[in-house]
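Spelled out from the first residue to the last, the chains are:
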Amino acid sequence: MTRLRRSLACAAMLALVPLDGSAIAATDRATLEQLRRGDVRLAAIGHRLATGNAVLCDDRVPAIGLVVHAIDQYSADEQGDARAVFGFDTAVAIEGVVPGSAAARAGIRPDESIVRVNDRPIPPADGAGHVRTRDSFVALLDAQPVDRPLRLTLRRAGRDRAVVVPPSPGCRSYFELRPGPALDASADGAQVQISGAFLDRFSDDQVAVVVAHELAHNILRHRRRLDAAGISRGVFREFGRNGRLFRATEDEADRLSVYLLRNAGWDPGLAVRFWQGPGARIAGGIFYSRTHSSPARRAELIAQEIAALPAGAPIPYRPPLLARQDAPLR
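Bear in mind that the values here come from a model prediction, so they are computed numbers and not experimental data.

**Student:** Looking at this structure, how should I read the overall build of the protein?
**Tutor:** Helix and strand counts for the protein stand at ten helices and 13 strands. Expressed as a percentage of its 330 residues, the buried residues of the protein come to 55%. For the protein, the share of sequence-separated contacts (at least 6 apart) that also reach a separation of at least 24 residues comes to 68%.

**Student:** It is not clear to me how the nonpolar core should be interpreted in this structure. Could you clarify?
**Tutor:** Nonpolar side chains in soluble globular proteins tend to end up buried together. Core analysis: the biggest nonpolar cluster contains 49 residues, and Leu49, Ile194, Val211, Leu256 and Leu260 have the highest contact counts within it. Sorting elements by how many residues they give to this core places helix 6 (residues 204–219) first, with nine residues. With residues near it in sequence (within four places) discarded, valine 211 still touches Leu42, Ile45, Leu49, Phe175, Val192 and Ile194. With 30 residues, the next largest nonpolar core counts Leu66, Ile94, Ile114 and Phe137 among its residues.

**Student:** It is not clear to me how the pairing of strand 9 (residues 159–165) should be interpreted in this structure. Could you clarify?
**Tutor:** Looking along a regular strand, one sees side chains alternate from face to face of the sheet. One ladder, built from seven bridges, connects strand 8 (residues 150–156) with strand 9; its direction is antiparallel. Paired with leucine 150 across the two strands is valine 165, which belongs to strand 9. Counted between consecutive antiparallel strands, the loop separating strand 8 from strand 9 contains two residues, among which alanine 157 sits at a positive phi close to 50°.

**Student:** What is the right way to look at the pattern of salt bridges in this model?
**Tutor:** Pairs may arise between side chains of opposite charge once their charged atoms sit close together. Using the criterion set out here, one finds 19 salt bridges in the structure. Connected via shared salt-bridge partners are Asp58, Arg221 and Asp326.

**Student:** When you look at helix 6 in this model, what are you seeing that I'm missing?
**Tutor:** An α-helical segment advances 3.6 residues per turn. Residues three or four places apart therefore align on the same side. The terminal C-alpha atoms of helix 6 lie 22 Å apart, and with 16 residues this matches the ideal 22 Å at 1.5 Å per residue to within 8%. When you tally the buried positions in helix 6, you get 13 out of 16 residues, the bulk of the element. Just downstream of helix 6, arginine 221 is the residue with a positive phi angle, here 55°.

**Student:** Any chance you could explain the packing of helix 6 against helix 9 (residues 269–276) here in plain terms?
**Tutor:** Helix-helix packing is characterised by the crossing angle of the two axes and by the distance between the axes. One way to put it is that helix 6 packs onto helix 9 with a least axis distance of 9 Å and a crossing angle of 95°. Viewed along their axes, helix 6 and helix 9 adopt a mutual orientation that is roughly perpendicular. Here helix 6 contributes Asp205, Gln206, Val209 and Val210 to the contact with helix 9, which in turn contributes Leu270, Ala271, Phe274 and Trp275.

**Student:** Please explain helix 8 (residues 240–263) as it appears in this structure.
**Tutor:** Between its terminal C-alpha atoms helix 8 stretches 35 Å, which fits the 34 Å expected from 24 residues at 1.5 Å a residue. The sharpest bend along helix 8 reaches about 25° and sits at leucine 256. With 18 of 24 residues buried, helix 8 is to be regarded as a mostly interior element. Phi turns positive, to about 95°, at glycine 265, one or two residues after helix 8.

**Student:** So what exactly am I meant to see when it comes to the confidence of the model for the protein here?
**Tutor:** It should be kept in mind that the predicted coordinates are not to be read in detail where pLDDT is low. Looking at the protein, the pLDDT average stands at 88 and 89% of residues meet or exceed 70. Throughout residues 1–22 the model reports pLDDT below 50, and contacts reaching past four residues in sequence, or to other chains, amount to 87 contacts.

**Student:** I would appreciate a short explanation of the pairing of strand 5 (residues 92–97) in the present structure.
**Tutor:** The buried fraction of strand 5 amounts to six of the six residues, a majority that puts the element mostly inside the structure. Bridge count between strand 4 (residues 66–70) and strand 5: five bridges; the pairing is antiparallel. Pairing of alanine 70 across the sheet is with valine 92, part of strand 5.

**Student:** I tried to follow the environment of arginine 120 on my own but got confused; where do I start?
**Tutor:** Tracing the backbone through its elements, the reader meets arginine 120 in strand 7 (residues 120–121). Measuring from C-alpha to C-alpha, the distance between arginine 120 and leucine 152 comes to 9.2 Å, with 32 residues separating the pair along the chain. For arginine 120, the contacting residues outside a window of four places in its chain are Val115, Leu140 and Gln144.

Parameters at a glance
Sequence order as written defines the numbering, with residues in each chain counted from 1. It should be noted that, the model being predicted, local features are given only for residues of pLDDT at least 70 and side-chain atom pairs only at 80 or more, the latter also being counted only at that level, while totals for whole chains, interfaces and linings use all residues. With hydrogens and water excluded, all non-hydrogen atoms of the structure serve as input to the side-chain values. The numbering of helices and of strands both runs from the N terminus, where a helix is a DSSP run of H or I of at least 4 residues and a strand a run of E of at least 2. For the exposure calls, accessible area comes from a 1.4 Å probe over protein chains only, and a residue counts as buried if that area is under 20% of its type's maximum, exposed if over 50%, partly exposed in between. Any two residues whose heavy atoms approach within 4.5 Å at even a single point are treated as in contact. We call a set of buried Ala, Val, Leu, Ile, Met, Phe, Trp, Tyr and Cys residues a nonpolar core when their side-chain atoms join them within 4.5 Å. Strands were regarded as paired on the criterion that DSSP finds at least two bridges between them. Put simply, a salt bridge is a Lys or Arg side-chain nitrogen that is within 4 Å of an Asp or Glu carboxyl oxygen. Every helix has an expected span of 1.5 Å times one less than the residues it contains. As a rule, the C-alpha atoms of each element are fitted with a line to give its axis, helices using only the stretch in contact, and angles between N-to-C directions run from 0 to 180 degrees. Relative orientations are named as follows: roughly parallel for angles under 35 degrees, roughly antiparallel for angles over 145 degrees, roughly perpendicular for angles from 65 to 115 degrees, and oblique for any other angle. In this scheme, the bend at a residue equals the angle between the axes fitted to the seven residues that finish there and the seven that begin there. The pLDDT score gives, residue by residue, the confidence of the prediction method on a 0 to 100 scale.

Here is the structure:
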């Protein structure tokens, strides 16, 4: 079974093995817990970047650090197993909590289910095998004020409790973990997606370099600007004007990633070392294409951006590069 999850800091795809009985085998439970750890690991990286750079984003949401999923993302014959592992006393449950996040400080725990958000009931489950309930819940949460505490009613084993989560604004971007062995990453303006292979092969610091680059695309509104420029995303995307403008946005995202990493507490020099080292040794995918500069050139551009940082620049720092986020691509 395949189902798509979204969190307030992360979304993921998870394959579950249908079982004949109501019990979950120990090996299957261990697999689910391993996948949960991967989701929370990416969520922690995304959350740190989204909250650390909130002042750079004019479109902000409550980024409280939950990883959530909905019961009807499962098919009808798999929902019993999902309830056994993850709780699901309501239609939406908490798969994980980002350590140190506002949700963690409020005492929220994995496998609690969400009943209400600021006294508004969460959407009811609607059938099976779709993401409508998940998306409706995320829309409900995103609509809440970013500068006020968030009141949640949670349920576990039929018992309700109320928690108050302190304000935690963050950039509006969701982070998805996709299955598969290929190293692939993308951003569509609202989401950042990376394949699980990144978590298998790289440290959190190295993954943060990739996630910061993709988040930079969203902050700089690259998809919208490329569409406005009439860029082809088909077989001709690598050639001529298409390739030139795609490459310009990739270079721009590398430059902004310097500030995103620094604002979130990472050494931006990590990005230089990544492209000089492991990034330079990865063949295919997002790393070698006419739409991207070479790894050596990427490391050079990032090093130049670091060198251009004003002495004593505050953290967080809003770079002049952000003034280009609405500029037409030519």
